[in-house]
Amino acid sequence: MSLVQVLFYVMSFIALASALFVAATKNLVRSIFMFFITLFALAGLYVLALADFVAITQIVIYVGGILVLILFAFMLSGKETLNIITQQRKQFISLKKLPAILLAVAFLIVLINVIFKADIDHLAWIKKSIAQKNEITPDAAMTENIGVNLMTSYLLPFEAISVLLMVALIGAAHLSRKGKGQ
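Q: So, the overall build of the protein chain: which residues are in play, and what are the values?
A: Each helix and strand in the protein chain was counted, giving eight helices and zero strands. In the protein chain, the succession of α and β elements from N to C terminus is α-α-α-α-α-α-α-α. Expressed as a percentage of the 182 residues in the protein chain, the buried residues total 12%. Counted over contacts in the protein chain with a minimum sequence separation of 6, partners at least 24 positions apart contribute 53%. Surface accessibility of the protein chain: about 14600 Å² in total, with carbon and sulfur atoms responsible for 73%.

See below:
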């Protein structure tokens, strides 16, 4: 077993274990911090898959932005909001949640059906990988091409997403201040 395989199994175990802890724990603070670990483990898996740009994007956007926003929203939320969340957790299966549960089960059935009906051995990119003896060589131009395209062809969508995230941050700050004095 090679070092890459060992690292893959370690990162996969960390990601799965921390994600299960996030879903199973009742303590929201521990859940948020374990979510940090889950996202870092996923970034490690992206690095092992030679997707360096996706790994850095994972860390910068999800860990650096969205998860910190979740942490601040939790810290700024009032005690009554946390009590409502804990009461809703006690009522896991209720009549209100039945459509969501049915939809999740339907998506699970579709996903399992696609996995079993996909003819994985005859996909072109897998045949090419087998023909090259499973050697994937990183190309220095991959990240460079992404950067050039992001700053030329896709500059407008990139800026639109930046404005959208800023509006979401301002909205979260406004909602956190709304309960105090208004």
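Now that the structure has been shown, the text picks up again.
Q: How would you summarise the side chain of S12 if you had to cite specific residues and measurements?
A: When you line up the elements, S12 lands in helix 1 (residues 3–24). For S12, a relative accessible area of 16% gives the class buried. Engagement of the side chain of S12 in a polar contact is seen with the backbone oxygen of F8, the distance being 2.8 Å.

Q: For the nonpolar core, give the residues involved together with the corresponding values.
A: Judged by nonpolar contacts, I32, F36, L39, V63, L67, L71 and F74 together constitute the single largest core of seven residues. Secondary structure elements with two or more residues in this core: helix 2 (28–48) and helix 3 (52–76). When residues of this core are assigned to their parent elements, the largest contribution, four residues, is made by helix 3. Ignoring anything within four residues of it in the chain, the contact list for L67 reads I32, F35, F36, L39 and Y62.

Q: Describe the confidence of the model for the protein chain, naming the residues involved and giving the relevant values.
A: Scored by pLDDT, the protein chain comes out at a mean of 77, with 77% of its residues at no less than 70. Averaged over each element, pLDDT in the protein chain is lowest for helix 4 (residues 79–90) (64) and highest for helix 1 (91).

Rules used throughout
- Position numbers for residues start from 1 in each chain and track the written sequence from start to end.
- Given that this is a predicted model, residues contribute local features only at a pLDDT of at least 70 and side-chain atom pairs are listed and counted only at 80 or more, while totals for whole chains, interfaces and linings are drawn from all residues.
- Excluding hydrogens and water, the side-chain figures rest on all heavy atoms present in the structure.
- Here a helix means four or more residues in a row that DSSP labels H or I, a strand means two or more in a row labelled E, and each is numbered from the N terminus.
- Only protein chains enter the accessibility calculation, which uses a 1.4 Å probe; a residue is then buried when its area is under 20% of its type maximum, exposed when over 50%, and partly exposed in between.
- Whether two residues touch is decided by their heavy atoms; if any such pair falls within 4.5 Å, the residues are in contact.
- Every accessible area reported is derived by Shrake-Rupley at a probe size of 1.4 Å, with residue values counting cover from the shown protein chains alone.
- Whenever a nitrogen or oxygen atom comes within 3.5 Å of another N or O atom, the pair is scored as a polar contact, on the condition that within protein one atom can donate a hydrogen and the other can accept it, and that pairs from neighbouring residues in sequence are kept only if both atoms are in side chains.
- In plain words, nonpolar cores are sets of buried Ala, Val, Leu, Ile, Met, Phe, Trp, Tyr and Cys residues tied together by side-chain atoms within 4.5 Å.
- The predictor's confidence in any single residue is recorded as pLDDT, a number from 0 to 100.

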